[in-house]
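These are the residues of each chain, in order.
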Amino acid sequence: MNSPGHRANLMSSSATHVGIGVVLGEEVSGRREMFITQLFIRIPPKVDPALAAELVRQRVDAVRHVSVNARLASVAQRLADGLAAGKTATNSGRPRATTSIKWRRPTRASAA
């Protein structure tokens, strides 16, 4: 309990579960080594995804006005659903959405 971090973990009321592992090692200088680990976790409460999305939108909107784009929201939701299910499409190691929204690269004539 001399370690402030260890003490904080032990005394924290936010941890909802603890795992303790113990294993005996080799004998060293007439005594067996003992390795003990503790893992403290907090299982968060269930969240309503629609309510969470609205809360985030409201907080962003409080800083600066944003408009809701239904097509963009649909792409974002599909990406979130895929990530939550462990399904990701990758592009250079980054998750990306697969969508039917098409864009056209400007040609030199239209960019002038």
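Note: the structure precedes this text.
Residues numbered from 1 in each chain as written. Predicted model: local features only at pLDDT ≥ 70, side-chain atom pairs only at ≥ 80, totals over all residues. Heavy atoms only, no water.

A.B. asks: Just to check I follow, could you spell out the overall build of the protein for this structure?
C.D. replies: Within the protein one finds 4 helices and 4 strands. Listed N to C, the secondary structure of the protein is α-β-β-α-α-β-β-α in terms of helices and strands. Within the protein, the proportion of its 112 residues that are buried is 3%. Across the protein, contacts joining residues at least 24 apart in sequence account for 26% of those joining residues at least 6 apart. (Helix = DSSP H or I, 4+ residues; strand = E, 2+ residues; numbered from the N terminus. Buried < 20%, exposed > 50% of the residue type's maximum accessible area, 1.4 Å probe, protein only. Contact = heavy atoms within 4.5 Å.)

A.B. asks: Just checking my understanding: could you explain the layout of surface pockets for this structure?
C.D. replies: Where empty space is left becomes clear once a probe the size of a water molecule has been rolled over the atoms. Approximately 430 Å³ is the volume found for the largest pocket. Taken together, 15 residues make up the lining of the largest pocket; nearest its centre are Ala 53, Arg 57, Val 68, Ala 73 and Ala 76. Residue assignment for the lining of the largest pocket shows that the elements contributing at least two residues are α2 (49–63) and α3 (70–84). Element by element, the count of residues in the lining of the largest pocket is highest for α2, at 6 residues. (1 Å grid on protein atoms, 1.4 Å probe; cavity = no way out; pocket = protein on both sides within 12 Å on 5 of 7 lines; lining within 4 Å. Points joined across faces, edges and corners; volume = space filled by probe spheres on them.)

A.B. asks: Would you explain a nonpolar patch on the surface in this entry?
C.D. replies: There is a patch of nonpolar side chains on the surface, built from Val 18, Ile 20, Val 22, Leu 24, Met 34 and Ile 36 and spanning about 610 Å² of accessible area. Secondary structure elements with two or more residues in the nonpolar patch: β1 (17–28) and β2 (31–41). Counting through the fold element by element, Leu 24 comes out in strand β1. (Patch = residues over 30% accessible without salt bridge, like charges linked within 9 Å, V, L, I, M, F, W, Y side chains within 5 Å. Areas by Shrake-Rupley, 256 points an atom, 1.4 Å probe, with all protein chains shown as cover. Salt bridge = Lys/Arg side-chain N within 4 Å of Asp/Glu carboxyl O.)

A.B. asks: Would you mind going over the environment of Phe 40 with me for this structure?
C.D. replies: You can see Phe 40 is positioned in strand β2. The spatial distance from the C-alpha of Phe 40 to the C-alpha of Ser 14 is 9.3 Å, given a sequence separation of 26 residues. Filtering out sequence-adjacent residues up to four positions away, Phe 40 remains in contact with Asn 9, Leu 10, Ala 15, His 17 and Val 18.

A.B. asks: I would appreciate a short explanation of the pattern of salt bridges in the present structure.
C.D. replies: Oppositely charged side chains can form a pair if their charged atoms are brought close together. Applying the stated criterion to the full structure yields 2 salt bridges. For Glu 54, the salt bridge identified is with Arg 57, shortest N-O distance 2.9 Å. In this pair, Glu 54 and Arg 57 are both assigned in helix α2, 3 residues apart and thus about one turn of the helix distant. On the basis of relative accessible area, Arg 57 is assigned to the partly exposed category, the value being 28%. Close ionic contact of Asp 61 with Arg 57 constitutes a salt bridge, the shortest N to O distance being 3.9 Å. One end of the pair is Asp 61 and the other is Arg 57, both in helix α2 and 4 residues apart, which spans about a single turn. Here the residues in one salt-bridge network are Glu 54, Arg 57 and Asp 61, joined through shared partners.

A.B. asks: Which parts of the structure should I look at to understand the pairing of β1?
C.D. replies: A regular strand places its side chains so that they alternate between the two faces of the sheet. Taken together, the 10 bridges between β1 and β2 define a ladder with antiparallel strand orientation. Opposite Val 22, over in β2, you have Ile 36 as the bridge partner. Where β1 folds back on β2, the antiparallel hairpin that results is connected by 2 residues, among which Ser 29 adopts a positive phi of roughly 55 degrees. (Pairing = 2+ DSSP bridges.)

None of this, on its own, says anything about what the molecule does.
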